[in-house]
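# Chains, contacts and geometry: an overview
Chain residues, written in single-letter form:
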Amino acid sequence: MGFESLRRSLLAGERVVMFTRADGAGLGARMLVWPDGRAEGALGEADLDRKALALATAETLPATGLREIEGVEVFVETYEPLPQLFIVGAVHVAIHLVHFARRLGFRAVVVDARSAFATAERFPHADELVVEWPADYLARVPLHANTYCVFLTHDEKLDNPALQVVLEAGVRYVGALGSSRTHAKRVAALREAGLADELIDGIHAPIGLDLGGRKPEEIAMAIAAELVAVRNGRQAAGKR
Amino acid sequence: MLDILPDVDRWRADGQRVAVATVIRTVGSSPRPLGSKMAVSDAGSIAGSVSGGCIEGAVIEEAQSVLEDGLPKRLSYGISDEQAWSVGLTCGGEVEVLVERIDG
């Protein structure tokens with residue numbers, strides 16, 4: 001049933017559309033189509049296969065659901081790559097945030113220039129652990145509309161240049177930890193660096209939904225909750 | 001799908017046969033979105049879910065026969081169904097599920 005191919009694609013973070021016949025005659029017949037036009041399997045009728053191929057290679061991928069194609073009921077599943085979360089700052093909160101974020105379906109990458117913090121021992125659960133200046137790293141990885149960035153270092157040397165990179169790239173979410181005083185300083189520094197106000201206003205600060213917690217795991221949960229709210233379209237960018 | 005993969009991989013590595021149930025249609029309020037999956041092994045292990053717990057028992061039973069003969073099944077559950085007496089949906093909606101065996 002194409003399970004192995006689907007499995008490989010999902011683990012590789014590929015985009016793929018799976019068609020499964022849901023009608024009596026061909027129940028369970030299956031075809032997988034990748035947006036580049038590669039296909040595997042067949043639905044049992046040439047017209048049907050052609051239509052499925054066209055749907056899965058169109059600019060807008062079909063929504064997951066049952067649909068009628070060439071008079072046949074077909075269940076369509078569109079798999080998008082996981083949203084990626086970059087956590088700048090391998091701090092205590094980050095350890096908990098990686099747990100929550102992965103459980104919630106984010107690919108979690110931790111970045112910090114300080115090798116004392118960014119250790120495999122502290123982050124065995126991260127999808128990736130990067131010891132590098134965050135601004136350098138974020139400037140060379142693909143940042144797309146499904147990218148979320150959280151800044152936790154408390155160190156403006158690390159945070160601010162990296163903040164500038166992701167704000168200019170136009171990612172889905174940018175949040176930065178810190179008191180309102182810290183944030184005011186940050187805003188001033190970013191303005192000084194020439195960043196437009198409407199970009200700066202996109203930073204979620206104070207970061208996280210207001211759960212009233214102070215412990216690292218509570219702060220991590222507040223941030224994770226905000227990521228979910230944004231992913232589900234429940235919260236616009238900016239201050240809460 | 002990703003949520004059930006670790007369990008499915010482990011069961012298959014152990015040589016168990018596995019069936020997967022997918023929510024393909026919902027009417028009214030339903031606890032799990034389209035495409036949600038539950039995996040069932042022939043040893044009786046379960047991963048994931050296709051409802052808030054109201055139809056899982058019935059689906060698991062059907063999955064055992066799919067594991068036996070390898071023939072996919074399309075099942076519907078809901079208040080309009082006579083099965084409602086035994087496996088009524090607390091949410092009052094309708095759910096259709098496709099169950100198939102993983103063969104490769």
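So, how was this worked out
- Residues numbered from 1 in each chain as written.
- Chains lettered and ligands numbered in written order.
- Predicted model: local features only at pLDDT ≥ 70, side-chain atom pairs only at ≥ 80, totals over all residues.
- Helix = DSSP H or I, 4+ residues; strand = E, 2+ residues; numbered from the N terminus.
- Buried ≥ 20, exposed ≤ 12 C-beta atoms within 10 Å, placed from the backbone.
- Contact = placed C-beta atoms within 7 Å.
- Right-handed = clockwise from strand over helix to strand, strands pointing away.
- Pairing = 2+ DSSP bridges.
- Core = buried A, V, L, I, M, F, W, Y, C linked by C-beta atoms within 7 Å.
- pLDDT = per-residue confidence, 0-100.
- Axes fitted to C-alpha atoms, helices over the stretch in contact; angles between N-to-C directions.

On a plain count of helices and strands, chain B comes out with three helices and five strands. Each helix (α) and strand (β) of chain B, taken in turn from the N terminus, gives the series α-β-β-β-α-β-α-β. Counting the 104 residues in chain B, one finds 35% classified as buried. When contacts within chain B are restricted to residue pairs at least 6 apart in sequence, long-range pairs at least 24 apart make up 57% of them.

All names here are of chain A. The alternating pattern of strand E10 (residues 173–176) places Tyr173 and Gly175 and Val174 and Ala176 on opposite faces, both of which are buried. Following the chain from strand E9 (residues 147–151) across helix H5 (residues 156–169) to the adjacent parallel E10, one finds a crossover that is right-handed. Judged from the two bridges that link them, E10 and strand E11 (residues 203–204) form a sheet pairing that is parallel. Counted as the bridge partner of glycine 175 is histidine 204 from E11.

Take the nonpolar core next. Grouped together as the largest cluster of nonpolar side chains are 52 residues, with contacts concentrated most on Leu85(A), Ile87(A), Val88(A), Leu97(A), Val110(A), Cys149(A) and Val150(A). In terms of residue count, the dominant contributor to this core is helix H8 (residues 216–231) of chain A (seven residues). Judged by nonpolar contacts, the second largest core, of 42 residues, contains Val40(B), Ile55(B), Ala63(B) and Val95(B).

On average, residues of chain B score 86 in pLDDT, and 86% of them are at 70 or above. No element of chain B has a lower mean pLDDT than helix H3 (residues 84–87) of chain B, which averages 51, and none a higher one than strand E2 (residues 37–41) of chain B, which averages 97.

Let's shift gears to the sheet that holds strand E1 (residues 18–27) of chain B. The strands that make up a sheet are held in pairs by hydrogen bonds between backbone atoms, and each pair lies either parallel or antiparallel. All names here are of chain B. Reading across the sheet, the five strands line up as E3-E2-E1-E5-E4 and stay open at both edges, with antiparallel pairing between neighbours. Every other strand in the sheet has two partners, leaving strand E3 (46–48) and strand E4 (73–78) as the edge strands with one partner each. With strand direction ignored, the average angle separating the axes of adjacent strands in the sheet is 20°. Note that E2 and E3 share three bridges and pair antiparallel. Note on E3: the bridge partner recorded for valine 40 is isoleucine 46. Docked against the sheet, helix H2 (residues 56–69) engages E1, E2, E3, E4 and strand E5 (94–101), running at close to 30° with respect to E5.

Residue and element names in this part refer to chain A. Pairing between strand E2 (residues 30–33) and strand E3 (residues 39–42): four bridges, direction antiparallel. Paired with valine 33 across the bridge in E3 is alanine 39. The turn linking E2 back onto E3 is made up of five residues, and glycine 37 within it adopts a positive phi angle of 100°.

All names here are of chain A. Cis peptide bonds are those with omega within 30 degrees of zero, and the linkage from alanine 205 to proline 206 qualifies with 0°. Here proline 206 shows up in the loop between E11 and H8. The residue glutamate 70 is not glycine, and still its phi comes out positive at about 50°. Of note, glutamate 70 is situated in the loop between strand E4 (65–69) and strand E5 (72–79). Its identity is not glycine, yet histidine 154 carries a phi of approximately 65°, on the positive side. Mapped onto the fold, histidine 154 is located in the loop between E9 and H5.

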